[in-house]
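Chain and residue survey
Spelled out, the chains give:
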Amino acid sequence: MFRIAQLSDLHCGHQFFLPQHLERAIAETNELEPDVVVISGDLTSNGFKDEYVLAREYLNRIECESMVVIPGNHDSRNVGYVHFEDLFGERNSVLRVGSTTIVAVDSSEPDLDNGQIGRGRYRLIEAAFEEEANLRVFVCHHHLLPVPGTGRERNIVNDAGDTLETLQRAQVDLVLSGHKHVPYAWRLEDLFVVNAGTVSSSRLRGNGRPCYNVVEVDGTHVDVWRRYPFHGQEKIIQFSTETLAFEKYTARIENEVTTRS
């Protein structure tokens, strides 16, 4: 079993920051002993140095040797990407763990909420995935496909179409992103796209709850779980990287909340 934990949209330092949820999610993640931890952006609320320092202190508690961290649009406010590089290193990275390749790209633009991958990166992305791998994962902060239940679509990647075509050519299996604080999963041709919610912010839409994702890979079978700090888990989607057969699941816990209210 190969396991990836994905935490997104921490928003450290803001009035809506929920430190108890982040602490719990980190404790649960350590119990899972994942092979890789992905932090898919918005570590901070406004890109200020003290927020970055706080985020660094929290992420230092994660007991995983292989960690992928990228900035989000909030992290690039107020020239915050300078602090990101000082405390977390490069904003783009390639990680190979076993037979899995993970390519992570900074999709943020300074002081803008919308994102962009950029045509100068397309060939670099394809080259990074050329090496043989059983699972190819692409990570960016902004969602490449519209997410239901998030209102008017404004903050998608500007070059989403060309990026998706690049990922198809690179035979990517899974895309992990965040940004909208609403978890969701899509299949687009040969590609599975999974969006994470916020793990530790109270800025939630509708009946949403703080959550994070866990990806479990067993051969060609992939399960993606949505975990709620303090409150268990439920499966989002399962699929085969070989046959592309898949099954999506209803958000049972959120439906129960809606029914009770």
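Residues numbered from 1 in each chain as written. Predicted model: local features only at pLDDT ≥ 70, side-chain atom pairs only at ≥ 80, totals over all residues. Heavy atoms only, no water.

1. Remarks on the overall build of the protein chain
When you go through the protein chain residue by residue, the secondary structure sums to six helices and 13 strands. Radius of gyration (C-alpha) of the protein chain: 17 Å, near the 18 Å computed for a compact globule of 261 residues. Taking the principal axes of its C-alpha atoms as reference, the protein chain extends roughly 45 × 45 × 40 Å. Split into buried and exposed, the 261 residues of the protein chain put 57% on the buried side. Here the analysis covers contacts within the protein chain between residues at least 6 apart in sequence; of these, 65% occur between residues at least 24 apart. Of the roughly 11400 Å² of accessible surface on the protein chain, a fraction of 44% belongs to carbon and sulfur atoms. (Helix = DSSP H or I, 4+ residues; strand = E, 2+ residues; numbered from the N terminus. Rg over C-alpha atoms; globule rule 2.2 N^0.38 Å. Buried < 20%, exposed > 50% of the residue type's maximum accessible area, 1.4 Å probe, protein only. Contact = heavy atoms within 4.5 Å. Areas by Shrake-Rupley, 256 points an atom, 1.4 Å probe, with all protein chains shown as cover.)

2. Quick look at unusual backbone geometry
Phi is positive for aspartate 9, close to 55°, though the residue is something other than glycine. With respect to the helices, strands and loops of the structure, aspartate 9 is situated in the loop between strand E1 (2–7) and helix H1 (19–32). Residues other than glycine seldom take positive phi values, yet histidine 11 does so here, at roughly 55°. Within the secondary structure, histidine 11 sits in the loop between E1 and H1.

3. Some words on empty space enclosed by the protein
Using the criterion set out here, one finds one cavity of 30 Å³ or more in the structure. In this model, the largest cavity occupies a volume close to 30 Å³. For the largest cavity, the full set of lining residues is His143, Leu145, Val147, Ser177, Trp186, Val193 and Asn195. Considering only residue class, the lining of the largest cavity consists of four nonpolar, three polar and no charged. (1 Å grid on protein atoms, 1.4 Å probe; cavity = no way out; pocket = protein on both sides within 12 Å on 5 of 7 lines; lining within 4 Å. Points joined across faces, edges and corners; volume = space filled by probe spheres on them. Nonpolar A, V, L, I, M, F, W, Y, C, P; charged D, E, K, R; others polar.)

4. Looking at the sheet that holds strand E8 (residues 184–188)
What the six strands build is an open sheet, ordered E4-E5-E6-E7-E9-E8; its pairing is mixed. In this open sheet, the two strands that pair with only one neighbour each are strand E4 (93–97) and E8. The average undirected angle you get between the axes of adjacent strands in this sheet is 15°. By the bridge criterion, five bridges tie E4 to strand E5 (residues 100–104) in an arrangement that is antiparallel. Along E5, the bridge assignment pairs serine 93 with alanine 104. Packing against the sheet, helix H5 (residues 160–169) makes contact with strand E6 (135–139), strand E7 (174–177), E8 and strand E9 (191–195), and its axis sits at approximately 125° to E9. (Pairing = 2+ DSSP bridges. Axes fitted to C-alpha atoms, helices over the stretch in contact; angles between N-to-C directions.)

5. Details of the packing of helix H2 (residues 49–59) against helix H3 (residues 81–88)
Viewed as axis vectors pointing N to C, H2 and H3 meet at an angle of 30°, and their least axial separation amounts to 10 Å. When the interaxial angle is binned, H2 and H3 end up roughly parallel. Between H2 and H3 the crossing geometry is right-handed. Where H2 abuts H3, its residues Lys49, Tyr52, Val53, Ala55, Arg56 and Leu59 lie against Tyr81, His83, Phe84, Leu87 and Phe88. For the contact of H2 with H3, the class distribution of residues is eight nonpolar, one polar and two charged. (Parallel < 35°, antiparallel > 145°, perpendicular 65-115°, else oblique. Left-handed = near helix turned anticlockwise from the far one by under 90°.)

6. Overview of the sheet that holds strand E13 (residues 246–248)
Here we have seven strands laid out as an open sheet, ordered E3-E2-E1-E10-E11-E12-E13, and mixed in their pairing. At either margin of the open sheet sits one strand with a lone partner, and together these are strand E3 (67–70) and E13. Adjacent strand axes in the sheet meet at a mean angle of 20°, parallel and antiparallel pairs treated alike. When strand E2 (residues 36–40) meets E3, the two strands line up parallel, connected through four bridges. In the sheet register, serine 40 faces E3, and the bridge partner there is isoleucine 70.

7. Considering the pattern of salt bridges
In the structure shown here, the tally under the stated rule is 11 salt bridges. Here aspartate 223 makes a salt bridge to lysine 235, at a shortest N to O gap of 3.3 Å. Of the two residues, aspartate 223 sits in strand E11 (residues 221–227) while lysine 235 sits in strand E12 (residues 233–240), which places them 12 residues apart along the sequence. Neither residue differs from the other here; aspartate 223 and lysine 235 are each classed as buried. Linked by salt bridges that have partners in common, Arg24, Glu28 and Arg227 make up one network. (Salt bridge = Lys/Arg side-chain N within 4 Å of Asp/Glu carboxyl O.)

8. With respect to the packing of aromatic side chains
Inspection of the entire model under this criterion finds seven aromatic pairs. Taken together, a centroid distance of 5.2 Å and an interplanar angle of 65° make the contact between tyrosine 184 and tryptophan 186 edge-to-face. Of the residues examined, tryptophan 186 reaches a relative accessible area of 31% and is grouped as partly exposed. Ring-pair connections join several aromatic residues into one group, and the members of that group are Tyr52, Phe84 and Phe88. (Phe/Tyr/Trp six-rings, centres within 6.5 Å; stacked < 30°, edge-to-face > 60°.)

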